[in-house]
Each structure stands twice: as structure tokens, then as C-alpha cells.
Amino acid sequence: QVQLVESGGGLVQPGGSLRLSCVASGFTFSYYVMSWYRQAPGKERELVATITVIGDRTNYADSVKGRFTISRDDAKATVYLRMNSLKAEDTAVYYCNAVKRVWGHDYWGQGTQVTVSS
């Protein structure tokens with residue numbers, strides 16, 4: 001059974017930091033491109049960050065460049081999102097995503113809430 005389980009969300013003040021984790025199971029994690037998405041109330045889901053299969057390349061949304069860092073640990077089947085200098089507009093539910101396009105696999109976690117507020 002495929003599972004992606006996010007954790008690490010919560011309430012943080014503006015300027016603060018959080019680290020999200022996503023633990024994968026039920027598939028060969030190291031074969032998959034991993035991404036973080038987010039969805040704020042009343043808005044569409046947006047791509048935040050992506051990391052390639054061997055972790056040699058990363059991509060970020062312009063709104064988080066220089067503040068967020070995506071990383072992966074294949075031995076732990078885990079992808080991380082380090083979020084620094086958080087802003088109110090970063091408030092959203094953050095979702096973990098695993099993709100292997102050649103196999104038509106596209107897996108999602110249940111999401112973790114991040115709220116940035118004073």
C-alpha cells in the first residue's frame with residue numbers, strides 16, 4: 001500500500017522556521033521525483049519545490065526561492081522541506097508528491113497545515 005505521510009507543520013510567527021518531513025512507503029522511493037505543493041484557502045494548489053531522482057537538481061517557485069530548501073534521504077525514504085523566513089502568505093496546507101511519469105504513478109500525501117501568524 002502506497003503511503004506518503006507528512007509531518008512538521010504547525011503555527012509559527014512571521015520570520016520563523018519549520019521543517020516538513022514526508023515519509024514514503026509501499027513503493028521504491030529512490031526511483032521517484034519528489035515535490036512539495038501547497039494550497040491556501042480559496043486558491044489553487046501550487047508547486048513549491050521539486051527534487052530529482054538522485055537529488056542533483058532542485059527547482060523552486062519564485063515566491064520561496066532563497067527561503068525554502070528541499071532535500072531527500074533515500075535511505076530513510078524521506079523528503080524534507082526546510083522553510084525559513086516564513087511569511088503570512090506561506091500559510092497553506094503542504095502536500096508531498098511522488099511522481100514516476102514513465103510508469104504513470106502520481107502519489108499524494110494527506111497534507112500538513114502550516115500557519116504563519118503573530
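The coordinates are above.
Scope of this entry: the structure provided in the associated data block. (Residues numbered from 1 in each chain as written. Predicted model: local features only at pLDDT ≥ 70, side-chain atom pairs only at ≥ 80, totals over all residues. Heavy atoms only, no water.)

**Brief notes about the packing of aromatic side chains**
Here comes step 1: Under the defined criterion, the tally for this structure stands at six aromatic pairs.
Here comes step 2: Between the aromatic rings of Phe-27 and Tyr-32, the centroid separation amounts to 4.7 Å while the plane-to-plane angle is 65 degrees, which identifies the pairing as edge-to-face.
Here comes step 3: Judged by relative accessible area, which is 15%, Phe-27 ranks as buried.
Here comes step 4: Pairing Tyr-31 with Trp-103 gives two aromatic rings, centres 6.0 Å apart and planes at 65 degrees, and the pair type is edge-to-face. In this pair, Tyr-31 is assigned in the loop between β3 (18-25) and β4 (33-39) and Trp-103 in the loop between β9 (92-100) and β10 (105-108), connecting sequence segments 72 residues apart. (Phe/Tyr/Trp six-rings, centres within 6.5 Å; stacked < 30°, edge-to-face > 60°. Buried < 20%, exposed > 50% of the residue type's maximum accessible area, 1.4 Å probe, protein only. Helix = DSSP H or I, 4+ residues; strand = E, 2+ residues; numbered from the N terminus.)

**Digging into the sheet that holds strand β8 (residues 78-83)**
Here comes step 1: Pairing in this open sheet of four strands is antiparallel, and the strands run β1-β3-β8-β7 from one edge to the other. The open sheet has two edge strands with one neighbour each: β1 (3-7) and β7 (68-73). Here the average twist between neighbouring strands, direction ignored, is 15 degrees.
Here comes step 2: Where β3 meets β8, six bridges bridge the pair, whose relative direction is antiparallel. Its bridge partner being in β8, Val-23 is matched across the sheet by Thr-78. (Pairing = 2+ DSSP bridges. Axes fitted to C-alpha atoms, helices over the stretch in contact; angles between N-to-C directions.)

**Examining the state of the cysteines**
Here comes step 1: Under the criterion given, the structure shown has one disulfide.
Here comes step 2: A sulfur-sulfur separation of 2.1 Å characterises the disulfide bridge that pairs Cys-22 with Cys-96. Measuring handedness by torsion sign, the sulfur bridge of Cys-22 and Cys-96 sits at about -80 degrees and is left-handed. Of this pair, Cys-22 sits in strand β3 while Cys-96 sits in strand β9; the two residues are 74 residues apart in sequence, bridging distant segments of the chain. Taken individually, Cys-22 and Cys-96 each receive the classification buried, so the pair is uniform in this respect. (Disulfide = S-S within 2.5 Å.)

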